[in-house]
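Listed below are the residues making up each chain.
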Amino acid sequence: MEHFDVVIVGAGFAGLYALHRLRSLGFSARVYEAASGVGGTWFWNRYPGARCDVESLEYSYSFSDELEQEWQWTERYASQPEILRYLNYVADRFNLRTHIQLNTRVTAAGFDETANCWTIQTDGGSAVSAAFFILATGCLSKPKALEYKGLESFQGKWYYTGQWPHERVDFTGRRVAVIGTGSSGIQSIPVIAEQAAHLFVFQRTPNFSIPAQNRPLSGDVRQDWATNRGSYRQAARVSPFGMLVEQGTGSALAVAPEVRENEYEKRWQRGGLSMYGAFADLFVDPQANQTAAEFVRTKIRAAIRDPEVAERLLPKSYPIGTKRICSDTGYYETFNRDNVTLVDTCATPIEEITPTGLRTTAGEYHVDSIVCATGFDAITGALCHIDIQGRGGARLREKWSAGPRTYLGVATTGFPNLFMITGPGSPSVFSNMVVSIEQHVDWIGGCLAWMRDRHAAGIEPTEDAENAWVAHVNEVSGYTLFPQANSWYVGANVPGKVRVFMPYVGGVGAYREKCDAVARNGYEGFALSMARSSAA
Ligand code: FAD
Ligand code: NAP
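Here the structure is a predicted model, which means the values were calculated and not measured.

(A) Layout of the site of ligand 1. The environment of ligand 1 is made up of 32 residues, and the closest members are Glu 33, Thr 41, Asp 53, Tyr 59 and Met 433. Take Glu 33: an N or O atom from its side chain is 2.6 Å from an oxygen atom of ligand 1. In this structure, an oxygen atom belonging to ligand 1 sits 3.1 Å away from a side-chain N or O atom of Trp 44. Compared with its free state, where it exposes 980 Å², ligand 1 has 95% of that area covered by protein. Looking at the shell around ligand 1, the elements with two or more residues in it are helix H1 (13-24), helix H2 (41-44) and helix H13 (433-453). Among the residues making up the shell around ligand 1, the classes are represented as 18 nonpolar, eleven polar and three charged.

Spelled out as structure tokens, the structure:
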């Protein structure tokens, strides 16, 4: 059986950088990727309007000065094709392709305690072994299947935003249904509305969305970035969300209403995710949160001509920010178009998909195409999809049946030499993910090099360290409003999934400090096993 130092699953931002970093450190590595190309999220999510919601200059790798100088982003928020081009450029620029096997899904992996290595199986029926097994499988890579019966019987075309076809989809002259108004729905709805003869938007829970204020990147902005890149990148690394959002330190309730409104207005005009930083207590104090929520609701009311439609678009059932705030281009205004109908599926739930459309409790909507913007089995979905067996044959999905348990979101007890990039219990989806990905990869690379220097063969978290970290993750999220929404952060979007708040919300900077301290203290909280020869 072929053997590698490291096998990595996934060739998105995480897998590509892990491959580059570990090979630079002298480890042999193989990447398996289920898709027919690299890019991960940006390979799969080709739906109309897809783009990043963290500014392109920040939502990109910082590990290579040359790369930073060579690549020029064209827009403040890059579109999916541009980000995919970038990731392909990275794969070529760093000679990664020969180490990546595409069209190959990892189906199972088992740890051999005697040999201290993993055997990894793929859907092609082949197996390889590796000393280390790294899961770069993505937090948002396993689309959630639509729960309604009948989709297969639908005679028109249907699509998942997260598995969009490669060929151009033309909705011209078509009656289209979009199910879902999360970030994917909110980005695609305005674009589809411009093409379709009629668009029906099936909304279950209204979302808070803020205009992206996207624009081409000006020469001045680029010049400023080129000059100050080093300090900007460092500021992002130690910031709460891994991005350059100006972070307010005071309470929303401690200032006069007009000062507060001005602050919200400033951030609305700046666009995108900047609202997250408006005041220090927005996500811990329900009253403070209400002020921001009401500000956005007022904006929604002002954008929509029909007051009844506006009312249905107002998010009221959860605090703002406890589901990811969406970033849009013309979303609310789309509902002023004559060819767009909002269908409130809370009032009239969808019952089934029929051969000709969707049936709700209020009757049937006949459509030619259905777009499922219904989200993902997030954070744990792709990890648990692989049948991973650790020490004593214990299965990861069984260990996590009451919710994921990790140490630092990077490793889990009972599964030696297995690392997760942006795993549950790390800031992951609560951050600019490229910053979090680079931090995890660098930390894992450092750990593997440290082990090699000491002839260590195995590493895994102690139970005590894991228990303490899980308690800390829960304690921190318990101080906040984040667990309150029925969001994918808690698994509430997937029927039957256990409800546990999965990301770490203590902040990217604080988390980085903790990880660095663990490494400095000889990988405190991890148990090491030595290679037989050196133990002797
Ligand atoms: P992914 O990009 O998801 O890559 C994982 C790869 O692993 C996939 O290609 C998948 O096919 C592969 N894989 C999984 N399981 C297996 C298996 N068993 N065998 C083989 N291959 C497997 N984050 C931000 O910070 N800012 C943004 O603006 C932003 N925008 C987003 C927009 C969309 C539409 C979506 C869906 C997510 C967005 N995210 C954003 C989150 C985004 O997922 C991350 O930023 C980042 O791209 C994740 O990179 P990754 O490599 O960790 O995972
Ligand atoms: P999502 O946020 O989970 O949204 C899914 C939407 O589908 C929700 O409105 C949900 O309603 C609805 N839905 C799900 N199942 C349904 C059902 N059976 N019937 C009716 N409605 C249903 O998923 P997403 O929009 O793909 O976004 C996921 C995450 O990916 C985002 O939060 C973000 O982190 C990332 N993303 C980012 C961008 C970007 O701007 N760069 C774009 C896309 C995605 P409920 O709320 O009622 O469950």
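(B) Quick look at unusual backbone geometry. Notably, Asn 95 is not glycine yet its phi reads approximately 50°, a positive angle. Positive phi values are uncommon outside glycine, yet Asn 103 reaches one of about 55°. Residue placement: Asn 103 occurs in the loop between strand S3 (100-101) and strand S4 (106-112).

(C) Layout of helix H5 (residues 183-195). Of all the bends in H5, the greatest reaches close to 35° and is centred on Ile 189; the proline Pro 190 follows between one and four positions later. Along H5, the positions that sit buried rather than exposed are Ser 184, Gly 185, Ile 186, Gln 187, Ser 188, Ile 189, Pro 190, Ile 192 and Ala 193.

(D) Layout of the site of ligand 2. Contacts to ligand 2 come from 24 residues, most closely from Glu 147, Tyr 148, Ser 184, Thr 205 and Lys 323. Between Asp 53 and ligand 2, the recorded distance is 3.1 Å, taken from a backbone N or O atom to a nitrogen atom. Separating an oxygen atom of ligand 2 from a side-chain N or O atom of Arg 204 is a distance of 2.9 Å. Out of a free accessible area of 900 Å², ligand 2 has 91% covered by protein chains. At three residues, H5 tops the list of elements feeding residues into the shell around ligand 2. Here the shell around ligand 2 is composed, by residue class, of eight nonpolar, nine polar and seven charged.

(E) View of H1. In a regular helix each residue adds 1.5 Å, so twelve residues correspond to 16 Å; H1 covers 17 Å between its end C-alpha atoms and thus fits that length. Along H1, nine of the twelve residues are buried, which leaves the element largely enclosed by surrounding structure. Within H1 the residues assigned to the buried category are Phe 13, Ala 14, Gly 15, Leu 16, Tyr 17, Ala 18, Leu 19, His 20 and Leu 22. The first or second residue beyond H1 is Gly 26, which carries a positive phi of 95°.

Conventions we followed
Residues numbered from 1 in each chain as written. Chains lettered and ligands numbered in written order. Predicted model: local features only at pLDDT ≥ 70, side-chain atom pairs only at ≥ 80, totals over all residues. Heavy atoms only, no water. Near = heavy atom within 4 Å. Polar contact = N/O pair within 3.5 Å; in protein donor to acceptor, adjacent residues only side chain to side chain. Areas by Shrake-Rupley, 256 points an atom, 1.4 Å probe, with all protein chains shown as cover. Helix = DSSP H or I, 4+ residues; strand = E, 2+ residues; numbered from the N terminus. Nonpolar A, V, L, I, M, F, W, Y, C, P; charged D, E, K, R; others polar. Bend = angle between axes of the 7 residues up to and from the residue. Buried < 20%, exposed > 50% of the residue type's maximum accessible area, 1.4 Å probe, protein only. Expected span 1.5 Å × (residues − 1).

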